[in-house]
Amino acid sequence: MRSRTALLGLVGVLAVVVFALLVRPILSSPGATREPIVEREASSTPLLSKAAPLKKTPAPTTASPPVRITPLAIPSPSPTATPTGREGILIFNWVRERNQDLYAIDLAASSRGPLSQENAPIRLTDHPGPDRSPAWSPDGARIAFASRRERNWDLYLLDVATGAVSRLTDDPHYDGAPTWSPDGEYIAFESMREGDLDVFTLRLSDGTIAPVTTDATPDYGPAWSPDGQHIAFVAWRDGNREIYLASPTGVHALYNFTTNPADDHHPTWLESGGLSFVSDRDGRSALYVQTTEQPGTIGIPSIVHTLAGTRYLGVTDHSWSPDGESVASVQSGRRTSSLVVSSVTSNRQRTPLLYADGAIGDPDWFAGEAALVARPDPVPAPPLYTEVVEPRAPLYDLEYLPGVDAPNARLSDRVDDAFNALRERVRDKTGYDFLGVLSDAWRPLDAKDEGSSYHSWHKAGRAIDTRTELRTASGRSVLVVVREDKGGPWGRTYWRLYLRTARQDGSMGEPLKQAPWDFFARFLSEEAAEEGGKPLLVPAGYYVDFTALAAEYGWERIGANDQPGFSWKDDWIASDFWHFEKRHHLSWRSAMLELYDEEILNEYFWVGGPQR
């Protein structure tokens, strides 16, 4: 949908070179330190340039002070041990009842058929804070994972036999994505402790932490090779996401393993020495394997092929069976996730081990047996909000949005409480009242402009247009827009909005791992004009995924317009990155009939189009 206010915003883009915009203070949550906000339409961030690589800083020669490993109390009384492991054990994180915990699946039990009460996933953690990125120790005795059990993300250890949890790191800034060295003496992880996202190692015997990478661009997602000689990780050093290899000591030269213009990420080693990774190089998110001439060494890439059983859209995380003949992958749709095991040798894919509404991620496959300590299933979570509807039979009313600055700050009584609850959640998570100003909300029946459908969801009181830009008084962008192409060559472009948090001390948000999109680069080069813009450098700092938060409350984004005569690559207005709808699975006419009786509706619309 295209709002008239957004169209006026485009004019503001051209005027920003000459005129300064009016400062508008934005409300923040209590206690949040922030800069005043000023709305601007043009981006002044330097463009990405492959011809001018960033300077690489030499690795420090001194290690960080030792970190004390602190035992924590087991949260659940009387844990029970569940023997598993005849075909291996798969651990992963799973969001259930709005809480992210660690789970395990006995692959021997799952091979007998769909999951049931007898072979259901075993819940390994039950802390109120999110737990994710589980990684088996080589001997299967411990599981390293990342958690936000306090104000910030740190690394923890789960003792498999007892269920006891110990804390590994205690830094105010983000630590995550642990991976074990083959000898079990070290853990590599990603961290923001030096100001931007880099890879570090932790020696478990004394807690000493040392850097592996120190580049100004993000380095993250480490994976330790089976021979212990290399750490693979994702790097933004070449203008896109590539897989790089480095020595665990950070001393030897880096090696760019993938060298492809498409994004490559989520590296995972095979015991043979090859690497698998997720890539969209054929226009869809699929799983690839890249071998080397000399397995286990940093050799010349020889073969790249797509694995059988990963033809579905949205392949993300994955883990190999120890024999290299099967792979467990997470395949994510718009609202669902599934955990699937595929046989590489027989080109066969099992029925998904797990198909769920909540997000699944970070699988890790262990070949041995274990008696896992099971936690109780999560209790049902209270609703995020309650939609209070004032009856006005047979129709619903339009409700004003308190304190919202918008041309028509009204929404249907069927969705206004969802909006108000989302607004408070965003303010709490980011420190900014991002939804306190809207470009558009409800529109009257006769509203129309050149780029907007006459059958607009704004007219049903079920659509909002957020502001299109948000910057601090010093010029730093708060709102960044990330491009996401879904559905392969015949798919559609979507956008994901992130908000830079008011507090940058690790207590809010997470590091950004995606490159923001610069729509206005199209005016600066012919190449960018053909692509509708260009990716920017990934900024350091902490961000909140606004698009994900909005989806929790039923507010869904829409795809960009890409039609002859009205394409986002030619017309910024056609991008619609600011537009969100809450449809409740209703057709447009059904939603309109909640507000207007059929006689009035037919004065303006009929099944084939408008009457006037």
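Just so it is clear, the model here is predicted, and its values are computed rather than measured.

Calculation criteria
- Residues numbered from 1 in each chain as written.
- Predicted model: local features only at pLDDT ≥ 70, side-chain atom pairs only at ≥ 80, totals over all residues.
- Heavy atoms only, no water.
- Core = buried A, V, L, I, M, F, W, Y, C linked by side-chain atoms within 4.5 Å.
- Buried < 20%, exposed > 50% of the residue type's maximum accessible area, 1.4 Å probe, protein only.
- Contact = heavy atoms within 4.5 Å.
- Phe/Tyr/Trp six-rings, centres within 6.5 Å; stacked < 30°, edge-to-face > 60°.
- Helix = DSSP H or I, 4+ residues; strand = E, 2+ residues; numbered from the N terminus.
- Lys NZ or Arg CZ within 6 Å of the ring centre and 35° of its normal.
- Salt bridge = Lys/Arg side-chain N within 4 Å of Asp/Glu carboxyl O.
- Pairing = 2+ DSSP bridges.

(A) Seen up close, the nonpolar core. Ranked by size, the top nonpolar core spans 43 residues in total, and within it F419, L438, F519, F546 and W555 carry the most contacts. Not counting the four nearest positions on each side in its chain, F419 is found in contact with L401, V404, L411, L435, L438, I464 and W555. If you look at the next biggest cluster of nonpolar residues, it comprises 38 residues, including A135, W180, Y542 and Y543.

(B) Spatial organisation of the packing of aromatic side chains. Here the structure, examined in full by the defined rule, presents 24 aromatic pairs. With a centroid separation of 6.2 Å and 20 degrees between ring planes, the pair formed by F92 and Y103 is classed as stacked. Pair noted here: F92 is in strand β4 (residues 89-96) and Y103 is in strand β5 (residues 99-106), with a separation of 11 residues, a long-range link. Seen from the ring of Y244, R237 lies directly overhead, with NZ or CZ sitting 5.6 Å from the centre.

(C) Layout of the pattern of salt bridges. Inspection of the entire model under this criterion finds 31 salt bridges. The closest approach of N and O atoms between R96 and D377, which form a salt bridge, is 3.6 Å. Of this pair, R96 sits in strand β4 while D377 sits in the loop between β29 (370-374) and β30 (398-400), and the two are 281 residues apart along the sequence. A relative accessible area of 22% means that R96 is categorised as partly exposed. One salt bridge connects R423 with D433, and the closest N-O pair in it is separated by 2.8 Å. Placement of the pair is R423 in helix α3 (residues 416-430) and D433 in the loop between α3 and β32 (438-440), with a sequence separation of 10 residues. With a relative accessible area of 8%, R423 lands in the buried category. Its relative accessible area of 4% is what places D433 among the buried residues.

(D) Seen up close, the pairing of strand β19 (residues 264-269). Here β19 lies mainly inside the structure; five of its six residues are buried. Alignment of β19 against strand β20 (residues 275-279), held across four bridges, turns out to be antiparallel. From the neighbouring strand, T268 faces β20, where its bridge partner is S276. Between β19 and β20, which pair antiparallel in sequence order, lie five residues; one of them, G273, sits at a positive phi of approximately 110 degrees.

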